[in-house]
Structure formats: structure tokens, C-alpha cells
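Residue strings, one per chain:
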Amino acid sequence: MSGFSADWLSLRADADARARSARITARTAAWALARTRVTGRPLAIADLGCGTGSNLRFLAPRLPVAQRWLLADHDPDLLALAARSGAGCRRIRELDVVAVDLAAAPLDDLLADADLVTASALFDLVAPGWIVRLMAALARPGRALLAVLSYDGRMTLSAADPFDAVVRRLVNRHQRTDKGFGAALGPLAADWLCRHARLSGAHVLTALSDWQLGPGEAELQQALLAGWAEAACAIAPREADAIAAWHARRLETLRRQGLTSVVGHRDVLAWW
Ligand SMILES: C[S@@+](CC[C@H](N)C(=O)[O-])C[C@H]1O[C@@H](n2cnc3c(N)ncnc32)[C@H](O)[C@@H]1O
């Protein structure tokens, strides 16, 4: 339904966990502690576009407070897996899932109870207007937004190939196409988010959270190359042969000597 399979989300989960900014995670944990000291109740957290719950699996053990989670996604199959994602974390007092199209949902209602709204690898899919609506729903004293792993347009591969730059440009154009919210922000997401959070009165902290992939992650890199080739072809079908040749060369390098790659991401924490 969403185009994000559980297999793909599982394949990227380790790279995501390694990439996340330790500084932003630590600042979120300190904010959570301060917030629960004020409210005297478990921290209410809403995870938007939760997939199978990998954001919760990363974050819950690192927040030193009791927690109530609401996991939201429009894909019922992913949500069924997410419903089990809190197992084993003693700090989670409640976990609810909700099937919702975030592009259409009234965000005020969905987020009414949340102290912390979070999302992982979602914001590059959304349109500028959706972030404006989110800010209007969120910007109240005592609340925070943690948006991690937004792709920022950088991708570099070892053993550089002259066609890499063409593919990167096409992929970045594909990133800007409609993913269900209207024309997506793609690589502009983190900058747009920071600007609008500040305009709404938030304090903002941002940091790089790049994927650093080595030869040991051949399966993930293979999936990435396939996804990039497909996205590039969708934008420039007349370049299909050149893209297929690039894809074949890159797979050959991966197979023979391994690749290292960097995929640029940003984490953002905003608090009001
Ligand atoms: C790149 S995946 C990230 C999943 C998860 N946050 C993670 O980090 O593993 C994007 C997620 O957003 C969800 N999504 C995309 N568009 C959505 C929409 N309009 N409403 C609700 N969920 C959506 C997808 O189903 C998918 O689970």
C-alpha cells in the first residue's frame, strides 16, 4: 500500500540506528526528563509514519522516562508489526496504533495529547504546506518535535563513476515528486522544517545523520542501487539504457571489490 515493505524497513534499520545523531538523541532525552518532571505523568509520544516501529525501538530505551506511544501509519500490514514493537521495553506503559492517512488527517485531533511528536524518514515525503499545518497543530509551550533521518540530497559512492552525478540529479528530482502529500520537499525537508519551526517560535537543534555504508552492507547497497536506478528511469525514461549500464557497472564493483557509500541525512529537534 505505502510502497515501503517491511523487508526494506528491516534492511535499513541498523544503518538508521548507527546514523542517528547522538547529540540530538541526548538532547531529546534531557528534554523528556524535564517535561515529565513538569507534568508528573508518562511522556505522550506520537510517531508519524511509524512503519514497523523502528523509531520506537531505537528511542524508547534511550528516553529515561515512562512513556505512552501512539504509532500512526496508513499501511495496516506495517501497523500490525508496529503494534508488537514495544515488547520488552519496561518504560512503555501504553502503546496504541492508528491507521490514518497523514496527508488528509486533521493533525490537531491526532496530536492533541502528544508531548513529543516524532517521525523517522518521513519528512522528505511531505509537501511544504503539510509542514506549515503541522507547525500550526504543534507549536505550544512544552511540546517538541523530533524528525530524524530526512534525506538531504547527498549521495556518494566509492570508486566514483562519471555517471554517478547524473543519477544523483535524477534521484533528487524524483525525491521532489508527489508521494501522497503533494509535491514533496525531498532534499529540502530539513531546511524547510527548521525554518518553519523557528518561525513558530521553537528552539531548533539540527545535526547530520548520514548513512555510512561499508562493504559489509552489500544487501542494503544493492537495494539502494536498484531504487536509485528505478527512480532515475522514472524521471528520464529516455536515459534508460545509460542508467541500466550505470546500474550494471555499480553492481559489478559491489560484487568484485565492495562499495562504501555515504547517503546524506539530517536530524532535527524543535521544542517550544
Ligand atoms: C521511509 S518509511 C519510514 C518508516 C519508519 N518511520 C522507519 O523509520 O522505519 C515511511 C513511512 O511513512 C508511511 N507513510 C507514507 N505516507 C503516509 C501517509 N500519507 N499517511 C500515513 N503514513 C504514511 C509509510 O507507510 C512508511 O511506513
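None of these values were measured; they are calculated from a predicted model.

About the cut-offs
- Residues numbered from 1 in each chain as written.
- Predicted model: local features only at pLDDT ≥ 70, side-chain atom pairs only at ≥ 80, totals over all residues.
- Helix = DSSP H or I, 4+ residues; strand = E, 2+ residues; numbered from the N terminus.
- Rg over C-alpha atoms; globule rule 2.2 N^0.38 Å.
- Contact = placed C-beta atoms within 7 Å.
- Axes fitted to C-alpha atoms, helices over the stretch in contact; angles between N-to-C directions.
- Parallel < 35°, antiparallel > 145°, perpendicular 65-115°, else oblique.
- Pairing = 2+ DSSP bridges.
- Right-handed = clockwise from strand over helix to strand, strands pointing away.
- Buried ≥ 20, exposed ≤ 12 C-beta atoms within 10 Å, placed from the backbone.
- Arc of directions from axis to C-beta.
- Left-handed = near helix turned anticlockwise from the far one by under 90°.
- Nonpolar A, V, L, I, M, F, W, Y, C, P; charged D, E, K, R; others polar.

Can you walk me through the overall build of the chain in this structure?
Secondary structure summary: the chain contains ten helices and eight strands in total. Here the chain has a C-alpha radius of gyration of 19 Å; the compact-globule value for 272 residues is 19 Å, and the two agree. When its C-alpha atoms are laid out on the principal axes, the chain stretches across 60 × 35 × 35 Å. For the chain, contacts bridging at least 24 residues in sequence account for 83% of all contacts bridging at least 6.

So what exactly am I meant to see when it comes to the packing of helix H9 (residues 218-235) against helix H10 (residues 240-256) here?
Describing two packed helices takes the angle between their axes plus the distance from one axis to the other. The contact between H9 and H10 brings their axes to 9 Å, and the two run at 170 degrees. By the angle class used here, H9 and H10 are roughly antiparallel. Taken together, the residues of H10 that come into contact with H9 (itself represented by Ala218, Gln221, Gln222, Leu225, Ala229, Ala232 and Cys233) are Ala240, Ile243, His247, Arg250, Leu251 and Leu254.

Please clarify how the pairing of strand S3 (residues 92-99) should be interpreted in this entry.
Residues in a regular strand point their side chains to alternate faces of the sheet. Of the strand pairs in this sheet, strand S2 (residues 67-73) and S3 are connected by seven bridges, and their pairing is parallel. Along S3, the bridge assignment pairs Trp69 with Leu95. Assessed by its sense of winding, the connection that carries the chain from S2 through helix H4 (residues 76-82) to S3 is right-handed.

What should I look at first to understand the environment of Leu79 in this one?
Here Leu79 shows up in helix H4. Note: C-alpha distance between Leu79 and Cys50 (29 residues apart in sequence) is 7.6 Å. Not counting residues within four places of it along the chain, the set of residues in contact with Leu79 comprises Leu71, Asp73, Val97 and Ala99.

In this structure, what is going on with helix H6 (residues 128-138)? I would like to understand it.
Turn by turn, an α-helix covers 3.6 residues, leaving residues three or four places apart pointing in a common direction. Along H6, the residues classified as buried are Ile131, Leu134, Met135 and Leu138. Mapping the buried residues of H6 onto a view down its axis gives an arc of 100 degrees, with all of them on the same face. Seen from the open side of H6, the exposed residues pointing more than 90 degrees away from its buried face are Gly129 and Ala136. For H6, the secondary structure elements touched by its buried residues are helix H5 (107-110), strand S4 (116-120), strand S5 (144-157) and helix H8 (189-199).

Help me understand the packing of H6 against H8, please; the structure alone is not making it clear to me.
With their axes 10 Å apart at the nearest point, H6 and H8 run at an angle of 35 degrees to one another. Both H6 and H8 take part in a crossing whose hand is right-handed. For the pair H6 and H8, contact is made by Pro128, Ile131, Val132 and Met135 and by Trp192, Leu193, His196 and Ala197, respectively. For the contact of H6 with H8, the per-class residue count stands at seven nonpolar, one polar and no charged.

What am I meant to see in unusual backbone geometry here?
Both trends apply: most residues other than glycine have a negative phi, and most peptide bonds are in trans. With a phi angle near 60 degrees, Leu149 is a residue other than glycine that sits in the positive phi range. Relative to the elements of secondary structure, Leu149 occurs in strand S5. The exposure class of Leu149 is buried, given the 28 C-beta atoms found within 10 Å.

How should I be thinking about the environment of Trp130 in this particular structure?
Topologically, Trp130 is positioned in helix H6. If we ignore the near neighbours within four places in the chain, the residues touching Trp130 are Ala103 and Phe181.

Is there a simple way to explain the pairing of S2 in this structure?
The element S2 is largely enclosed, with a buried count of six among its seven residues. Pairing analysis gives six bridges linking strand S1 (residues 43-48) to S2, with the strands arranged parallel. Within the sheet, the bridge partner assigned to Ala46 lies in S2 and is Leu70. Chirality of the crossover, the property in question, places the unit of S1, helix H3 (residues 54-59) and S2 among those that are right-handed.

Any chance you could explain the environment of Leu220 here in plain terms?
Residue placement: Leu220 occurs in helix H9. A residue is classified by how many C-beta atoms lie within 10 Å of it, and Leu220, with 19 of them, is partly exposed. In this structure the C-alpha to C-alpha distance between Leu220 and Thr177, which are 43 residues apart in sequence, comes to 23 Å. In contact with Leu220, not counting residues within four places along its chain, are Leu11, Arg12, Ala15 and Leu213.

Scope: geometric values only; no functional claims are made or implied.
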